[in-house]
Amino acid sequence: MKKILAVCLAVLMLAGAMTSCGSKMFMATGSETGTYYAFGIVLADEIKNAAGIEIGVQSSGASKANIQLIDDETVDFAIVQNDVMDYAYNGTNTFAADGAITSFAAIATMYAEVVQIVASPDITSVADLVGKRVSVGDVGSGTEFNAQQIFEAYGMTFDDIQKQNLGFTDSADKFKDGQLDAFFLTAGAPTVAVTELATAKDFNILSIGETEMAYLKEHYGYYTEYTIGADEYTPNGEPMDSDAVTVAVMATLICDSDLDEDTVYNVTKAIYENIPAITTGHKKGEELNAQTACDGISIPMHPGAVKYFTEIGTIAE
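Residues numbered from 1 in each chain as written. Predicted model: local features only at pLDDT ≥ 70, side-chain atom pairs only at ≥ 80, totals over all residues. Heavy atoms only, no water.

Participant: Give me the lowdown on the overall build of the protein chain, citing residues and values where you can.
Facilitator: If you tally the helices and strands in the protein chain, you get 11 helices and 10 strands. Here the C-alpha radius of gyration of the protein chain, 21 Å, is about what a compact globule of 317 residues would show, namely 20 Å. Along the first, second and third principal axes, the C-alpha atoms of the protein chain reach 80 × 45 × 40 Å. In the protein chain, buried positions account for 50% of the 317 residues. Counted over contacts in the protein chain with a minimum sequence separation of 6, partners at least 24 positions apart contribute 75%. If you sum the accessible surface of the protein chain, you get close to 13,900 Å²; carbon and sulfur atoms cover 50% of it. A gap of 9 Å separates the mean positions of the 16 positive and 45 negative side-chain charges of the protein chain. (Helix = DSSP H or I, 4+ residues; strand = E, 2+ residues; numbered from the N terminus. Rg over C-alpha atoms; globule rule 2.2 N^0.38 Å. Buried < 20%, exposed > 50% of the residue type's maximum accessible area, 1.4 Å probe, protein only. Contact = heavy atoms within 4.5 Å. Areas by Shrake-Rupley, 256 points an atom, 1.4 Å probe, with all protein chains shown as cover. Lys, Arg positive; Asp, Glu negative; His and termini not counted. Charge placed at Lys NZ, Arg CZ, Asp CG, Glu CD.)

Participant: Residue-level account of helix H3 (residues 63-71), with values.
Facilitator: Taken together, the buried positions of H3 are occupied by Ser63, Lys64, Asn66, Ile67 and Ile70. Down the axis, H3 shows its buried residues gathered within 165° of arc, on one side only. At the exit of H3 stands Glu73, carrying a positive phi of roughly 65°. (Arc of directions from axis to C-beta.)

Participant: Please set out the nonpolar core residue by residue, giving values where relevant.
Facilitator: Among the nonpolar cores identified, the biggest contains 81 residues, and Phe77, Leu129, Ile150, Phe184 and Tyr272 are the most heavily contacted of them. It is strand E4 (residues 104-119) that provides the largest number of residues to this core, a total of nine residues. With residues near it in sequence (within four places) discarded, Phe77 still touches Met25, Phe26, Met27, Ala28, Ile55, Ile70, Ile107, Leu253, Ile254, Cys255, Leu259 and Val267. Formed by 24 residues, the second largest nonpolar core is a distinct cluster that contains Val194, Ala198, Tyr233 and Ala244. (Core = buried A, V, L, I, M, F, W, Y, C linked by side-chain atoms within 4.5 Å.)

Participant: With reference to specific residues and values, describe the packing of aromatic side chains.
Facilitator: A complete count under the given rule lists 14 aromatic pairs for this structure. Ring centres 5.8 Å apart and planes at 90° place the aromatic pair Phe151 and Phe158 in the edge-to-face group. Where Phe151 meets Phe184, the ring centres are 5.5 Å apart and the plane angle is 65°; that geometry is what we call edge-to-face. Of the two residues, Phe151 sits in helix H5 (residues 142-153) while Phe184 sits in strand E7 (residues 182-187), which places them 33 residues apart along the sequence. With respect to burial, Phe151 and Phe184 carry one shared label: buried. One aromatic cluster is present, formed by Tyr87, Phe145, Tyr220, Tyr222 and Tyr223 through successive ring pairs. The lysine or arginine in question, Lys201, covers the ring of Phe175, its NZ or CZ lying 5.9 Å from the ring centre. (Phe/Tyr/Trp six-rings, centres within 6.5 Å; stacked < 30°, edge-to-face > 60°. Lys NZ or Arg CZ within 6 Å of the ring centre and 35° of its normal.)

Participant: Any chance you could break down the confidence of the model for the protein chain for me, citing the residues and the numbers?
Facilitator: Low pLDDT marks stretches whose predicted atomic positions should not be read closely. Summarising the model, the protein chain shows a mean pLDDT of 90, and 93% of its residues fall at 70 or more. This model gives residues 1-21 a pLDDT under 50, and the stretch forms one contact once residues within four places in sequence are excluded. (pLDDT = per-residue confidence, 0-100.)

Participant: Lay out the packing of helix H2 (residues 35-51) against helix H9 (residues 261-272) in plain terms, naming residues and giving numbers.
Facilitator: Running from N to C, H2 and H9 point in directions that differ by 110°, and their axes come no closer than 9 Å. By the angle between their axes, H2 is roughly perpendicular relative to H9. On H9, the residues that touch Leu43, Glu46, Ile47, Ala50 and Ala51 of H2 are Asn266, Val267, Ala270 and Ile271. Of the residues contributing to the contact of H2 with H9, the split by class is seven nonpolar, one polar and one charged. (Axes fitted to C-alpha atoms, helices over the stretch in contact; angles between N-to-C directions. Parallel < 35°, antiparallel > 145°, perpendicular 65-115°, else oblique. Nonpolar A, V, L, I, M, F, W, Y, C, P; charged D, E, K, R; others polar.)

Participant: Let's hear about unusual backbone geometry: which residues, and what values?
Facilitator: Cis peptide bonds are those with omega within 30 degrees of zero, and the linkage from Ala189 to Pro190 qualifies with 0°. The phi dihedral of Asn236 is positive, around 55°, even though this residue is not glycine. As for its placement among the helices and strands, Asn236 is situated in the loop between strand E9 (224-228) and strand E10 (244-256).

Following this line, the structure appears as structure tokens:
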């Protein structure tokens, strides 16, 4: 009997130790060659360094899949586009068939995600994509929806192209091999998949026309105008012929709404009080700004994030 009691006591002590130390958490990001994944690794490292919270980073099918992973309780945190976040919470657009998902909460917006349209050198306009082989991102991804809306602005649909649904890496590989004429990707610029492509293939980054830009801003308020500099990518070692004017949404950190307030507070604080360290690890850290971190959030924020941003004055008391 004493031996059994001793074993039980040991198990209880171990459980208590695990509880006090906290178990490992997980963050869903995106393709391994996309910005989400690389930036997520840097965030996780700094959160561990500053707050002692260990977060494993997982590659995934991006925004829609990430929200579903939180809803399934597979992950605790995720990086998503703010437009897809809005669709999910309100059960619209790409979430219309499945219904609203409200099991997650926003923490903060972090950096601009740029809609980049990579095309063969002979293609100079979105209108030129009619009849062409075009990848529009993974099924249900934010990239796919961005592509659909841009085509809409041009009076086009996916029926006007030879549509393929491929992730960043597969899109870049097929483009390099001549199996695609163009592909869309929505990610922070520069994006690893495109930077690597530039070492082996010539391409254009397409601009969105003024009329089409005005349409997108009027009908989809989460878009902002964004310029990709001619020297952002250097296909075959040379800058592009000109800047590309396109649109962007915001990469946003979300979490399971059931996470405790202290954990989310500490994660938020670790990020926004260690921006220089994060910037050392990834250039997108330059865009982190605690004073604008709540801009573009259209769904409820987690109480832990609200507590932090109220303390520093981003949210008025």
